[in-house]
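In case you want the letters, here they are:
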Amino acid sequence: MFENIKFANPFSNLPSTFYTKQSWSSFDQPFLLHFNHDLAKSLGIDDDPEELMQIFNGNKSFEKASPLAMVYGGHQFGNWVNQLGDGRGILFGQIDSSDGLIDLHIKGAGKTPYSRFGDGRAVIRSSVREHLCGEAMFGLGIPSSRSLMLFGSNEPVMREDTERGAMIVRTAKTHIRFGHFEYFHHNKITDGVKTLLDHVIDCYYPDTKQDSDKYLLFFDATVKKTAHMVSSWQSVGFNHGVMNTDNMSILGETFDYGPYAFMETYDPNYICNHTDSHGRYSFSNQPSIAEWNCYALASALIDLFSETELRDTLSKFNDYFYDSLIEKYRKKLGFISAQESDYDLILGLFEIMETEKLDYTNTFRELSKIISSSDNFKLSEKLSIWLTSYKDRLSKDKNSIEESKILMDENNPKYILRNYLAQSAIEDAEQGRAEKIDELAKVLSNPYVDLGESMEKYCQPAPKEQQNQQLSCSS
Ligand code: AMP
Ligand code: MG
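What counts, and where the lines are drawn
- Residues numbered from 1 in each chain as written.
- Chains lettered and ligands numbered in written order.
- Predicted model: local features only at pLDDT ≥ 70, side-chain atom pairs only at ≥ 80, totals over all residues.
- Heavy atoms only, no water.
- Helix = DSSP H or I, 4+ residues; strand = E, 2+ residues; numbered from the N terminus.
- Rg over C-alpha atoms; globule rule 2.2 N^0.38 Å.
- Buried < 20%, exposed > 50% of the residue type's maximum accessible area, 1.4 Å probe, protein only.
- Contact = heavy atoms within 4.5 Å.
- Areas by Shrake-Rupley, 256 points an atom, 1.4 Å probe, with all protein chains shown as cover.
- Patch = residues over 30% accessible without salt bridge, like charges linked within 9 Å, V, L, I, M, F, W, Y side chains within 5 Å.
- Salt bridge = Lys/Arg side-chain N within 4 Å of Asp/Glu carboxyl O.
- Lys, Arg positive; Asp, Glu negative; His and termini not counted.
- Charge placed at Lys NZ, Arg CZ, Asp CG, Glu CD.
- Donors = N, O, S within 2.8 Å, 3.2 Å for Na, K, Ca; no water.
- Near = heavy atom within 4 Å.
- Polar contact = N/O pair within 3.5 Å; in protein donor to acceptor, adjacent residues only side chain to side chain.
- Axes fitted to C-alpha atoms, helices over the stretch in contact; angles between N-to-C directions.
- Parallel < 35°, antiparallel > 145°, perpendicular 65-115°, else oblique.
- Left-handed = near helix turned anticlockwise from the far one by under 90°.
- Domains from an automatic or database assignment.
- Core = buried A, V, L, I, M, F, W, Y, C linked by side-chain atoms within 4.5 Å.
- Pairing = 2+ DSSP bridges.

Observations regarding the overall build of the chain
Each helix and strand counted, the chain has 15 helices and twelve strands in total. Relative to the globule expectation of 23 Å for 475 residues, the C-alpha radius of gyration of the chain, 23 Å, shows essentially globular dimensions. Considering only C-alpha atoms, the chain reaches an extent of 65 × 55 × 45 Å along its principal axes. Out of the 475 residues belonging to the chain, those deemed buried represent 59%. Of the contacts formed within the chain by residues at least 6 apart in sequence, a portion of 73% connects residues at least 24 apart. A total of about 20200 Å² of accessible surface is found on the chain, and carbon and sulfur atoms cover 49% of it.

Re a negative patch on the surface
A cluster of acidic residues, Glu3, Asp48, Glu50 and Glu51, forms a negative patch on the protein surface. Exposure remark for Glu3: the relative accessible area of 40% places this residue in the partly exposed category.

Looking at the coordination of the magnesium ion (ligand 2)
Coordination of the magnesium ion (ligand 2) by the protein involves Asn247 (OD1) and Asp256 (OD), with metal-donor separations of 1.9 to 2.2 Å. In this structure Asp256 comes out as buried when scored by relative accessible area, which is 14%.

Quick word on the site of ligand 1
Around ligand 1, a shell composed of 17 residues is seen, among which Gly85, Gly87, Asp119, Gly120 and Asn247 lie nearest. Take Gly87: an N or O atom from its main chain is 2.8 Å from an oxygen atom of ligand 1. For ligand 1, the accessible surface in isolation is 480 Å², of which the surrounding protein chains cover 80%.

Observations concerning the packing of helix α7 (residues 286-300) against helix α8 (residues 307-314)
Remark: α7 packs on α8, axes separated minimally by 11 Å, with the N-to-C direction vectors making an angle of 160 degrees. The angle between α7 and α8 falls in the class roughly antiparallel. The handedness of the crossing between α7 and α8 is right-handed. Residue-level inspection shows Glu291, Cys294, Tyr295 and Ala298 of α7 in contact with α8, the latter providing Leu310, Arg311 and Leu314.

Structural notes on the domain arrangement of the chain
Domain annotation of the chain identifies domain 1 (10-174) and domain 2 (328-411). A straight line from the C-alpha centre of domain 1 to that of domain 2 covers 41 Å.

Quick word on the nonpolar core
Counting 148 residues, the largest nonpolar core has Phe56, Phe92, Phe181 and Tyr390 as the members making the most contacts within it. With eleven residues, the top contributor of residues to this core is helix α6 (residues 214-236). A domain-level breakdown of this core finds at least three residues from each of domain 1 (10-174) and domain 2 (328-411). Excluding its chain neighbours within four sequence positions, the residues that come into contact with Phe92 are Phe2, Phe7, Trp24, Ile55, Phe56, Phe62, Ala65, Ser66, Pro67, Leu104, His105 and Ile106.

Examining the pairing of strand β6 (residues 89-97)
In terms of residue burial, β6 counts as a mostly covered element, since seven of its nine residues are buried. With eight bridges connecting them, β6 and strand β7 (residues 100-107) associate as antiparallel partners. Within β7, the residue paired with Gln94 across the bridge is Asp103. Counting the residues that bridge the hairpin from β6 to β7 gives two residues.

Structure (structure tokens):
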């Protein structure tokens, strides 16, 4: 029961320079589009969705909440922006769960002092996308914010066209971003950085509280979590699209879904964000941008460390990233040992996927069938040659082909959130029909398990003209 849940709301106990306490703007006639029962169960709040919607829409008061809009800054496309903040979101409260704090954040909640020129709203389209992607990432085992519920409204919201407003209730370990630290540093707000650091250590790294280098441990953990998060993105072909420092969680959870996309045919230069004309956030740039973002965070922490300490920690990013990435690819290929030649083998596969425009997800998924079946698969000459060296490499490991196959199927998803599938669910949701969201959410929460013939439609590549499209940033 939601009423019985313990709330701690530690962020609301920070000084008022960190936020504006305020309520939010409810919709007149909200309609529920999807309720995430799995997430609700894990939080112990699998209540009547309609009643919960009344609370999150703001029709019914809830005393344990401590709603506020956070202030932060950020580097957007490389440029420093002095003040951003929750322009259309409200931190409703922070649950004190047995797994630590869980933030409940309402996105699309109306204007705040940080809305700048925006209307404070989110539309059905972008909310469906964020709601589903949180589940897709969770299913894939990638740290991410999630969404407890999605509701729409008839409130007109102007984007390229007139759309309708929606809200999601987002859960995340934290909503503290790199840009929070940057805001206090760049605006020279006395003690802001240190106060926030102590808060973060209290809330998320309590075991290091007595440690003399607790601040450095925090920074190191952040660099590591960020590197690991991006290695997960690369391994499933996920392009975030807006890796501004205000969209980077300090706990390495994927966050703020905008014009993201799961790549269809393999293209390292894929840019999912239509407004990213220089490709700063292209698929292959993601690791170096994540590292760049860690540098931006380091600059904000400069008063607390020596430059050498920061540089030494930053220099670990590459190892954190590549160690994690190669481990993921070895599993995707069914290897249990590590061999130097694995790098070349993987690069060889990428080259073929790129020139032959192969579907990234399905190519990996099919490999386990190819190695474990006696059927003849129609393969290009290059792929057949590659397969010979691959099988040769597989034979050097002690595990059987059957064991490799299991490992591969556990690490190569069958179902990803392809844009055309999301789009089809959005078009229905805009007409008030939510069955597709429901079905997609189910499939995506279990992406490594073959759900059989009836779900085969969810692993088909997009029609050619809809492959690797760019998406509008408007949301
Ligand atoms: P994003 O690109 O979604 O991460 O947003 C960047 C900044 O713009 C954040 O401070 C958001 O809160 C703010 N923002 C985005 N959309 C809106 C909107 N419709 N109304 C008000 N603020 C917004
Ligand atoms: Mg954002």
